[in-house]
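# Residue-level structure breakdown
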Amino acid sequence: DVQLVESGGGSVQAGGSLRLSCTVSKYTYYWCMAWFRQAPGKDREGIATIYTDNGHTYYVDSVKGRFTTSRDSAKNTLYLQMDNLKQEDTAMYYCAADRGSFCAWYDAGTYIVKGLFNYWGQGTQVTVS
């Protein structure tokens, strides 16, 4: 079975940067991968997706221009570079994945449905003060 492990979380002051990593047990060709976050008292929300085949990315408006997701096939690793962090970015961050190309055409207005992703990491905490 596919296993995912997040790392790179921590505490940072507003305006700072962090890079999260998600190592995958094997590289998942033709899979959609995503980043989700869950703040205290709020639902888990999808913030970014990437299609592993062509690298197509999508971001929700709240993080677009500040966060960048990418993948390194040789290392079987997914990254989330977070710049200009804000206090409202404080949350537990999760990586997720599933088979298919459903995220290959995500564009403006897309809602990232967490139910489409059946493989999840354990989460890594990001705290912005």
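Predicted model only: the values in this text are computed from it and were never measured.

### Remarks on the overall build of the protein
- Assigned secondary structure in the protein consists of zero helices and eleven strands.
- Helices and strands in the protein line up, N terminus first, as β-β-β-β-β-β-β-β-β-β-β.
- Compactness check: the protein gives a C-alpha radius of gyration of 13 Å against a globular reference of 14 Å for 129 residues, within 12% of the reference.
- Here the protein holds 129 residues, and the buried ones make up 48% of them.
- Counting contacts in the protein only where the partners sit at least 6 residues apart, residues at least 24 apart contribute 62% of the total.
- When the accessible surface of the protein is split by element, carbon and sulfur atoms take 46% of a total near 6,500 Å².
- Counting 12 positive and 12 negative side-chain charges, the protein places the averaged centre of each group 2 Å from the other.

### With respect to the sheet that holds strand β3 (residues 18-24)
- Ordered by their spatial adjacency, four strands build an open sheet running β1-β3-β8-β7, and the pairing between neighbours is antiparallel. Two strands bound the open sheet, and with one partner strand each, they are β1 (4-7) and β7 (67-72). Strand-to-strand, the axes of this sheet are offset by a mean angle of 15°, without reference to chain direction.

### Some words on the state of the cysteines
- Inspection of the entire model under this criterion finds two disulfides.
- Between the sulfur of C32 and that of C103 lies a disulfide, 2.2 Å long from S to S. On the sign convention where negative is left-handed, the bridge of C32 and C103, at about -110° about the S-S bond, is left-handed. Placement of C32 in strand β4 (residues 31-38) and of C103 in the loop between β9 (91-99) and β10 (119-120) is noted, with a sequence separation of 71 residues between them. C103 shares its class with C32; the two are buried.
- If you count the bonded cysteines of the protein from the N-terminus, they pair up as 1-3, 2-4.

### Some thoughts on the packing of aromatic side chains
- The final tally for this structure, using the stated rule, is six aromatic pairs.
- Taken together, a centroid distance of 5.4 Å and an interplanar angle of 65° make the contact between F102 and F117 edge-to-face. A residue pair is termed long-range when its members are at least 10 positions apart, and F102 in the loop between β9 and β10 and F117 in the loop between β9 and β10 qualify at 15 residues.
- With relative accessibility at 2%, the residue F117 sits in the buried group.
- Put simply, the rings of F36, Y58, F102, Y106, F117 and W120 pair up and form one aromatic cluster.

### Observations regarding unusual backbone geometry
- At Y30, a residue that is not glycine, the phi angle is positive and equals roughly 60°.
- Examined against the element boundaries, Y30 turns out to sit in the loop between β3 and β4.
- Owing to a relative accessible area of 52%, Y30 belongs among the exposed residues under this scheme.

### As for the side chain of R37
- Along the chain, R37 falls in strand β4.
- Given the relative accessible area of 6%, R37 is considered buried.
- Separated by 3.0 Å, the side chains of R37 and Y93 make a polar contact.
- Contact partners of R37, with chain neighbours within four places excluded, come to D43, R44, E45, I47, S62, V63, F67, E88, D89, A91, M92 and Y93.

The rules we used
- Residues numbered from 1 in each chain as written.
- Predicted model: local features only at pLDDT ≥ 70, side-chain atom pairs only at ≥ 80, totals over all residues.
- Heavy atoms only, no water.
- Helix = DSSP H or I, 4+ residues; strand = E, 2+ residues; numbered from the N terminus.
- Rg over C-alpha atoms; globule rule 2.2 N^0.38 Å.
- Buried < 20%, exposed > 50% of the residue type's maximum accessible area, 1.4 Å probe, protein only.
- Contact = heavy atoms within 4.5 Å.
- Areas by Shrake-Rupley, 256 points an atom, 1.4 Å probe, with all protein chains shown as cover.
- Lys, Arg positive; Asp, Glu negative; His and termini not counted.
- Charge placed at Lys NZ, Arg CZ, Asp CG, Glu CD.
- Pairing = 2+ DSSP bridges.
- Axes fitted to C-alpha atoms, helices over the stretch in contact; angles between N-to-C directions.
- Disulfide = S-S within 2.5 Å.
- Phe/Tyr/Trp six-rings, centres within 6.5 Å; stacked < 30°, edge-to-face > 60°.
- Polar contact = N/O pair within 3.5 Å; in protein donor to acceptor, adjacent residues only side chain to side chain.

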